[in-house]
Amino acid sequence: MTIKQNSVVTIHYELKNTEGEVLDSSKGQDPLVYLHGANNIIVGLEEQLEGKQVGDELTAHIAPEKGYGMPVEALIQEVPKEAFGAEVDKVEVGMRFQAETEQGPVPVVVTAVENDTVTVDGNHPLAGQDLHFEVSVTEVRDASAEEVEHGHVHGPGGHQH
Ligand code: ZN
């Protein structure tokens, strides 16, 4: 069975940046299970998994355009320290939290702490990066009608509901 639209695909993967640093890996953990063609994973990886089957191993080099996109300036904001209230003393570079915005909560990371302001970045941590995946396909099955309707996988590795 080959990977196509509405396949439920199980993969093990390792993700490195251009410097060869491991950013993410499923090694020693449960594999990733996703619904193919439903934007569950980045488009560049989906494209390269199309047509593969169980036992296939591949190396995928993915540019930002087909990965997490390029960083957007508008998502980098200086926030007055007052906005953090009593918590302000705990704010430090590298801290992650959910920022309340007009579009709902957005995960941000603190990139600078100045005298009066804190700079937060709402871009995906991997935006602008070339991604290098080593992937092995361990399972492929057809999705159920309900999974296709929901746009995600049910059961082990998927949504439990
Ligand atoms: Zn569901």
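Below you will find a few notes about this structure. (Residues numbered from 1 in each chain as written. Predicted model: local features only at pLDDT ≥ 70, side-chain atom pairs only at ≥ 80, totals over all residues. Heavy atoms only, no water.)

**A closer look at the nonpolar core**
When a protein is soluble and globular, its nonpolar side chains tend to lie buried together.
Okay, so step 1: The biggest cluster of nonpolar side chains holds 19 residues, and the ones touching the most others in it are Leu-45, Leu-49, Phe-133 and Val-135.
Okay, so step 2: Mapped onto this core, the elements with two or more residues apiece are β1 (7–16), α1 (43–49), β4 (57–62) and β9 (131–142).
Okay, so step 3: Not counting residues within four places of it along the chain, the set of residues in contact with Val-135 comprises Ile-11, His-12, Tyr-13, Leu-45, Leu-49, Asp-56, Glu-57 and Leu-58. (Core = buried A, V, L, I, M, F, W, Y, C linked by side-chain atoms within 4.5 Å. Buried < 20%, exposed > 50% of the residue type's maximum accessible area, 1.4 Å probe, protein only. Helix = DSSP H or I, 4+ residues; strand = E, 2+ residues; numbered from the N terminus. Contact = heavy atoms within 4.5 Å.)

**Describing the pairing of strand β2 (residues 22–25)**
Okay, so step 1: Across three bridges, the pairing between β1 and β2 is antiparallel. By the bridge assignment for β2, Leu-15 is matched with Asp-24.
Okay, so step 2: Adjacent in sequence and paired antiparallel, β1 and β2 are bridged by five residues, among which Gly-20 carries a positive phi angle near 90°. (Pairing = 2+ DSSP bridges.)

**A few points about the packing of aromatic side chains**
Okay, so step 1: Applying the stated rule across the entire model yields two aromatic pairs.
Okay, so step 2: Taking the centre distance of 6.4 Å and the plane angle of 55° together, the rings of Tyr-13 and Phe-133 count as tilted. Linking Tyr-13 in strand β1 with Phe-133 in strand β9, this pair joins segments that are 120 residues apart in sequence. Phe-133 carries the same exposure label as Tyr-13, and that label is buried. (Phe/Tyr/Trp six-rings, centres within 6.5 Å; stacked < 30°, edge-to-face > 60°.)

**Description of the coordination of the zinc ion**
Okay, so step 1: At this site the zinc ion is bound by His-150 (ND1), His-152 (NE2), His-154 (NE2) and His-161 (NE2), with donor distances of 2.0 to 2.1 Å.
Okay, so step 2: Ordering the donors of the zinc ion by residue number gives the pattern H-x1-H-x1-H-x6-H.
Okay, so step 3: The buried category is assigned to His-152, whose relative accessible area is 15%.
Okay, so step 4: Given a relative accessible area of 14%, His-154 falls into the buried group. (Donors = N, O, S within 2.8 Å, 3.2 Å for Na, K, Ca; no water.)

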